[in-house]
Amino acid sequence: MTAQYLIRNPVYITIENGQCNAHEGLAPNPDVTLKVRDEHLIKLMTGRMRGLTAFLTGRLKVEGNYMLAQKLQQVFDTSRLR
């Protein structure tokens, strides 16, 4: 899976065989693209904002596979990011 984050400095992550790798820039063909302000991404990653709330309030825009976008919050151990 490849997830593109369109933030101030775009990054994307690839998840394959249980490994997650982060890359700077734009992914050639992401499965899901998330457009979000940097401060909102920090809140999402640290568990201070729920993805559904961000999406419904327009703070998060999603293109591509919505099911993968929903699973992204489960990928990261938010207790290690605080």
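Everything that follows concerns the structure shown earlier in this document.
In this report, we go over the structure that sits alongside the text. Every value quoted in this text rests on a predicted model; they were computed, and no experiment measured them. (Residues numbered from 1 in each chain as written. Predicted model: local features only at pLDDT ≥ 70, side-chain atom pairs only at ≥ 80, totals over all residues. Heavy atoms only, no water.)

1. Observations regarding the overall build of the protein chain
Consideration 1: Looking only at helices and strands, the protein chain has 3 helices and 5 strands in total.
Consideration 2: Each helix and strand of the protein chain, ordered N terminal to C terminal, gives the series β-β-β-β-α-α-β-α.
Consideration 3: A globule of 82 residues ought to have a C-alpha radius of gyration of about 12 Å, and the protein chain, at 12 Å, matches this closely.
Consideration 4: Considering only C-alpha atoms, the protein chain reaches an extent of 30 × 25 × 25 Å along its principal axes.
Consideration 5: Considering only residue pairs separated by 6 or more positions, the protein chain has 54% of its internal contacts joining residues 24 or more positions apart.
Consideration 6: For the protein chain, the accessible area works out to roughly 5800 Å², and carbon and sulfur atoms hold 50% of it.
Consideration 7: Positive and negative charge centroids in the protein chain, built from 11 and 7 side chains respectively, lie 11 Å apart. (Helix = DSSP H or I, 4+ residues; strand = E, 2+ residues; numbered from the N terminus. Rg over C-alpha atoms; globule rule 2.2 N^0.38 Å. Contact = heavy atoms within 4.5 Å. Areas by Shrake-Rupley, 256 points an atom, 1.4 Å probe, with all protein chains shown as cover. Lys, Arg positive; Asp, Glu negative; His and termini not counted. Charge placed at Lys NZ, Arg CZ, Asp CG, Glu CD.)

2. A closer look at helix α3 (residues 66-75)
Note: α-helices contain 3.6 residues per turn, so residues at a spacing of three or four share the same orientation.
Consideration 1: Those residues of α3 not exposed but buried are Leu68, Ala69 and Leu72. The arc enclosing the buried residues of α3, seen along the axis, measures out at 105 degrees, which places them on a common side. Turned more than 90 degrees away from the buried face of α3, the exposed residues are Met67, Gln70 and Gln74.
Consideration 2: For α3, the elements touching its buried residues are β1 (2-6), β2 (11-16), β4 (32-36) and β5 (60-64). (Buried < 20%, exposed > 50% of the residue type's maximum accessible area, 1.4 Å probe, protein only. Arc of directions from axis to C-beta.)

3. Section: the pairing of β4
Consideration 1: Counted residue by residue, β4 has 4 buried out of 5 residues, so it is predominantly covered.
Consideration 2: Relative to β4, β1 runs parallel, the two sharing 4 bridges. Within β4, the residue paired with Ala3 across the bridge is Val32.
Consideration 3: Sheet topology places β4 next to β5; 5 bridges connect them, and they run antiparallel. Bridge pairing in β5 places Leu34 opposite Val62. (Pairing = 2+ DSSP bridges.)

4. Digging into the nonpolar core
Most often, soluble globular proteins keep nonpolar side chains buried together rather than apart.
Consideration 1: Counting residues in hydrophobic clusters, the biggest one holds 16 residues, and the most contacted among them are Ala3, Tyr5, Val32, Leu34 and Leu72.
Consideration 2: Put simply, the parts of the chain that give this core at least two residues each are β1, β4, α1 (38-45), β5 and α3. (Core = buried A, V, L, I, M, F, W, Y, C linked by side-chain atoms within 4.5 Å.)

5. Quick notes on the sheet that holds β1
Consideration 1: Strand order in the open sheet formed by 5 strands is β3-β2-β1-β4-β5, and the pairing between neighbours is mixed. Of all the strands in the sheet, the pair left with one neighbour each is β3 (19-24) and β5. Strand-to-strand twist in this sheet, taken as the mean axis angle between neighbours without regard to direction, amounts to 20 degrees.
Consideration 2: Each of β1 and β4 is contacted by α1, which is oriented at about 115 degrees to β4, the strand it contacts most.
Consideration 3: The sheet contacts of α3 involve β1, β2, β4 and β5, and relative to β4 the element is tilted by about 70 degrees. (Axes fitted to C-alpha atoms, helices over the stretch in contact; angles between N-to-C directions.)

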